[in-house]
Number of protein chains: 4
Amino acid sequence: MLESLKQEVLQANLDLVKHGLVILTWGNASGIDRERGLIVIKPSGVKYDELSLESLVVVDLEGKIIEGNNRPSSDTQTHIELYKAFSEIGGISHTHSKYATMYSQACKEIPCLGTTHADHFSGNIPLARFLTDIEIEDGYEKNTGKVIVERFKTLNPKKTPGVLVSGHAPFTWGTNAADSVINAIILERIAEMAMGTYQINPEISELPRYISEKHFLRKHGPDAYYGQKKL
Amino acid sequence: MLESLKQEVLQANLDLVKHGLVILTWGNASGIDRERGLIVIKPSGVKYDELSLESLVVVDLEGKIIEGNNRPSSDTQTHIELYKAFSEIGGISHTHSKYATMYSQACKEIPCLGTTHADHFSGNIPLARFLTDIEIEDGYEKNTGKVIVERFKTLNPKKTPGVLVSGHAPFTWGTNAADSVINAIILERIAEMAMGTYQINPEISELPRYISEKHFLRKHGPDAYYGQKKL
Amino acid sequence: MLESLKQEVLQANLDLVKHGLVILTWGNASGIDRERGLIVIKPSGVKYDELSLESLVVVDLEGKIIEGNNRPSSDTQTHIELYKAFSEIGGISHTHSKYATMYSQACKEIPCLGTTHADHFSGNIPLARFLTDIEIEDGYEKNTGKVIVERFKTLNPKKTPGVLVSGHAPFTWGTNAADSVINAIILERIAEMAMGTYQINPEISELPRYISEKHFLRKHGPDAYYGQKKL
Amino acid sequence: MLESLKQEVLQANLDLVKHGLVILTWGNASGIDRERGLIVIKPSGVKYDELSLESLVVVDLEGKIIEGNNRPSSDTQTHIELYKAFSEIGGISHTHSKYATMYSQACKEIPCLGTTHADHFSGNIPLARFLTDIEIEDGYEKNTGKVIVERFKTLNPKKTPGVLVSGHAPFTWGTNAADSVINAIILERIAEMAMGTYQINPEISELPRYISEKHFLRKHGPDAYYGQKKL
């Protein structure tokens, strides 16, 4: 069942390691089959070099295990909340990548300081608030998803495909698992370059909006001219 | 004698190199056989690519060489003090890894700034004080162990599996040598991310306690649900 | 047509990846055949590991596609403006390399702080200004080239083979595509070391001019004695 | 002639690359045969992957080429001044390694902040002053050697096997070329960790002298007990 989705999710998890975004067991990628309402996700606490197609876990949108002999990622309920709220997305990555995690721990959004950011994320990289103690008791991982969704009340998750969770780490998403990994790579680089930019010039302002919009639109707008035409 | 322990200690020493925690001869890992009261440790000053099972040294808890043709690590007396005081531990790693050493040299404890830290270390990464000149004359390495133990008077070495030594570098430990290496990897990453977090936001506070406790307990508490069930 | 130029441009694009200056599709290298007035450039948005000689695009100095089935790099008009204005150059590289991009985003020129800089770039690494909104509407990439050329009104592009574009990233050039990659490597390292130098000593002054000139001239002057004699 | 010395110098130059201390052609290692008064050194401006035993240059202590078809390193006169003044040394490395160069450009000595430093360098990493314009005209490379020697008037080059040159980069030395490379690796790591230590705690003091002396002596003193006994 879901063989090609499993293949894609397996590859996405391995790519998180390959691109230096996770060490040990610190991250997980998932993908969703929207028609069947089924999610394929990394098993909890399993090392990346021990992952196989069989080790992946299939859950439904209630979190019920449909297939697999392992427990799913402890962050599964967070993934589910995002899939429920963001109907356009097909894959999610969660990492503790260095620089995005530093910004999460520092509880700072990342303003758009350059065209690298503008090419991929519209506006600030948003920061989801801390959970309250009641929210944690009530369901830590589910409510982590809910505070992310709360932060996106006025944002478009397609244009801003990622978030920093206060005191924790980033989540990114995309059209599929592979795309969520690409966005994790991009977010990490944006975070590192933002930190360095402020070190060089603590007074720097955001990129003028007419430039950031131009960059976002030349890549993602209706008249985008970046890349090759999709036929 | 102690073949499997030797194999484990050899691998742990090589893993310190593989994970970028030591260069040249700057570190050592050991393991203990609690029943026999014997420690296997790296020989002093030998390059990692020249290590073999035969080159390892077996010492007892008095530091007496029981087997081996080499001098044991110059830090052996520190390892012995830790094994004596922390009866639950089975392995120790000592490195001069970059970021943990920077914190040691800066004489600063590392507060818990995020869930990455909370997942693995309960509370601050503690800092052991400088030795006095009398303590150094009396036995530098032994007393290094003693000031670490002194710092843990009110701490649980199982929940806080590592320490920074003022002006020197970190020691980590675990259930065995391999586990002490994992904790060395984690400590290094926590240190690097703490430094960056303060760079981004010098005013940041510690993670709220109800979040750090949740994270520690979901991984290490009686009802831990991270990872696969051990059967 | 232009087989050896294509080979050189292909290699230059791959070298940008090899030297860690680009990830994803974030950069492009080109070369020019001055006699025919034809430029070979990377296709837009194509991954580096999918590049081939056939995938490269040949354009003339008006930007008209002369050969190739792909769209040329979206930055092609910038390359063209530089080739038109700087008649001595034969190749151009554009990257979003980390440290040069941080300086671009910080809108700071890089003063000459040491002999590493002086050996390769005469004077500051210059910063081209932001485009106005009218310039962006009128032709974003073409006008990016024009503001670079504007910044070089009083500079010699042979002695200062690169530039930072405000809020964007660096461009470098050279006698050919390979040489422009070398200058991208050098600029990146100069930027990283300048940032660190200011961190260590925020009050540091530029290298005394009699030293920077000595270094530039021993490598590039009429009596240069660095390297082997070209026969 | 001098085959084993050539082999050693070739390997040392390659090791500078392997350990990330040089890129492009930014560094050189040499070794001396004290009995014959001959130095083997890297040729100027030749890429490391094009080096061979035959490409190395043999010069005498006047700088006269005794063997080889290439020009020797442009820094040869600096090496010669050091060999003349420091009779105990057998090899020299010059790099533009990142962190040691940052300190050189920042014109700051590196105080002893921890045992990693104390294990290998006695006291500060010294800084040689800028040359005057007259000294540069009179012989830039020779006088670079002379200002290093001047800085060591009250220092012991065996105990402090390296220096930072103001506005330029480090030189290290040792009993032979390989040993000078080891000291270049150590200096680079000490510089990086010093920079980070000050970032974490700008008020930190030097390591207490009774600790730094203990560390230096346990490794290099008459009763050294680090490493294996040399028979």
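Procedures and definitions
- Residues numbered from 1 in each chain as written.
- Chains lettered and ligands numbered in written order.
- Predicted model: local features only at pLDDT ≥ 70, side-chain atom pairs only at ≥ 80, totals over all residues.
- Heavy atoms only, no water.
- Helix = DSSP H or I, 4+ residues; strand = E, 2+ residues; numbered from the N terminus.
- Rg over C-alpha atoms; globule rule 2.2 N^0.38 Å.
- Buried < 20%, exposed > 50% of the residue type's maximum accessible area, 1.4 Å probe, protein only.
- Axes fitted to C-alpha atoms, helices over the stretch in contact; angles between N-to-C directions.
- Left-handed = near helix turned anticlockwise from the far one by under 90°.
- Contact = heavy atoms within 4.5 Å.
- Nonpolar A, V, L, I, M, F, W, Y, C, P; charged D, E, K, R; others polar.
- Least-squares fit on C-alpha atoms with pLDDT ≥ 70 in both.
- Pairing = 2+ DSSP bridges.
- Buried area = accessible area lost by both parts, 1.4 Å probe.
- Salt bridge = Lys/Arg side-chain N within 4 Å of Asp/Glu carboxyl O.
- Polar contact = N/O pair within 3.5 Å; in protein donor to acceptor, adjacent residues only side chain to side chain.
- Disulfide = S-S within 2.5 Å.

What follows is about the overall build of chain A. Across its full length, chain A holds seven helices and eight strands. Compactness check: chain A gives a C-alpha radius of gyration of 17 Å against a globular reference of 17 Å for 231 residues, within 12% of the reference. Along the first, second and third principal axes, the C-alpha set of chain A runs to 50 × 50 × 35 Å. Within the span of chain A, comprising 231 residues, buried residues form 61% of the whole.

With that settled, the discussion passes to the packing of helix 2 (residues 76-85) of chain A against helix 5 (residues 133-151) of chain A. Residues and elements named next belong to chain A. Between helix 2 and helix 5, whose axes approach to 6 Å, the crossing angle comes to 35 degrees. Pair helix 2 / helix 5 crosses with right-handed handedness. Across the interface between the two elements, Q77, T78, E81, L82 and A85 from helix 2 touch E141, K142, T144, G145, K146, I148 and V149 from helix 5. Looking at the contact of helix 2 with helix 5 residue by residue, the class counts come to four nonpolar, four polar and four charged.

The two copies are related by a screw motion: chain A maps onto chain B through a turn of 90 degrees and a shift of 0.0 Å along the axis, at an RMSD of 0.0 Å. Taken together, the rotation and translation relating the two chain copies correspond to the operation of a four-fold axis. Residue A:Q199 of chain A places its C-alpha closer to the rotation axis than any other residue of that unit, at 5.9 Å. Taken as a fraction of all interface residues of chain A, those also at the interface in chain B reach only 3%, which identifies the copy contact as different-surface.

Now for unusual backbone geometry. In this structure, A:L24 is a non-glycine residue whose phi angle is positive, near 50 degrees. Tracing the sequence through the fold places A:L24 in the loop between helix 1 (3-18) and strand 1 (27-33).

The next thing to look at is the pairing of strand 3 (residues 57-60) of chain D. Residues and elements named next belong to chain D. Residues V57 and V59 of strand 3 are buried on one face, and the alternating residues V58 and D60, pointing to the opposite face, are buried as well. Pairing of strand 2 (residues 38-41) with strand 3, which is carried by four bridges, proceeds in the antiparallel orientation. Across the sheet, the residue bridging to V40 is V58, located in strand 3. Sheet topology places strand 3 next to strand 4 (residues 65-67); two bridges connect them, and they run antiparallel. Within the sheet, the bridge partner assigned to V58 lies in strand 4 and is E67. Between strand 3 and strand 4, which pair antiparallel in sequence order, lie four residues; one of them, G63, sits at a positive phi of approximately 90 degrees.

With that settled, consider the interface of chain A and chain B. How big an interface is tends to be expressed through the accessible area that disappears when the partners come together. Taken together, the contact pairs 33 residues of chain A with 32 residues of chain B. Summed over both partners, the interface of chain A with chain B comes to about 3000 Å²; 57% of that surface belongs to carbon and sulfur atoms. Three residues, A:W26, A:R71 and A:Q105, lead the burial of chain A against chain B; their summed loss comes to 23% of the area buried on that side. Where chain A packs against chain B, one counts three salt bridges. Across the pair B:E192 and A:K98 runs a salt bridge, and its minimum N-O distance is 3.1 Å. For the pair chain A and chain B, the interface holds 18 residue pairs in polar contact (both at pLDDT 80 or more).

The next thing to look at is the side chain of B:N28. All names here are of chain B. Here N28 shows up in strand 1 (residues 27-33). Polar side-chain contacts of N28 include one of 3.1 Å to the side chain of D75. A polar contact is formed between the side chain of N28 and the side chain of H79, at a distance of 2.7 Å. Once you skip the residues sitting within four places of it in the chain, N28 turns out to touch N13, L16, K42, Y48, S73, D75, H79, I92, S93 and H94.

Where two cysteines share a covalent bond between their sulfur atoms, that bond is called a disulfide. In this structure the tally under the stated criterion is zero disulfides over all chains. Among the cysteines around B:C112, which has no disulfide bond, A:C107 carries the closest sulfur, lying 12 Å off. On the basis of relative accessible area, B:C112 is assigned to the buried category, the value being 5%.

In this section: the environment of D:E150. As for its placement among the helices and strands, D:E150 is situated in helix 5 (residues 133-151). C-alpha separation for the pair D:E150 and D:I92, spaced 58 residues apart in sequence, amounts to 17 Å.

Time to look at the sheet that holds strand 2 (residues 38-41) of chain B. The strands making up a sheet associate through backbone hydrogen bonding, with each pair oriented either parallel or antiparallel. Residues and elements named next belong to chain B. Read across the open sheet, the eight strands follow the order 4-3-2-1-5-8-7-6; overall the sheet is mixed. Edge positions in the sheet fall to strand 4 (65-67) and strand 6 (127-128), since each of these pairs with one other strand and no more. Bridge count between strand 7 (residues 162-165) and strand 8 (residues 170-174): three bridges; the pairing is antiparallel. Its bridge partner being in strand 8, V163 is matched across the sheet by F171. Sitting on the sheet, helix 3 (residues 98-106) is in contact with strand 6, strand 7 and strand 8, with an inclination near 55 degrees to strand 7.

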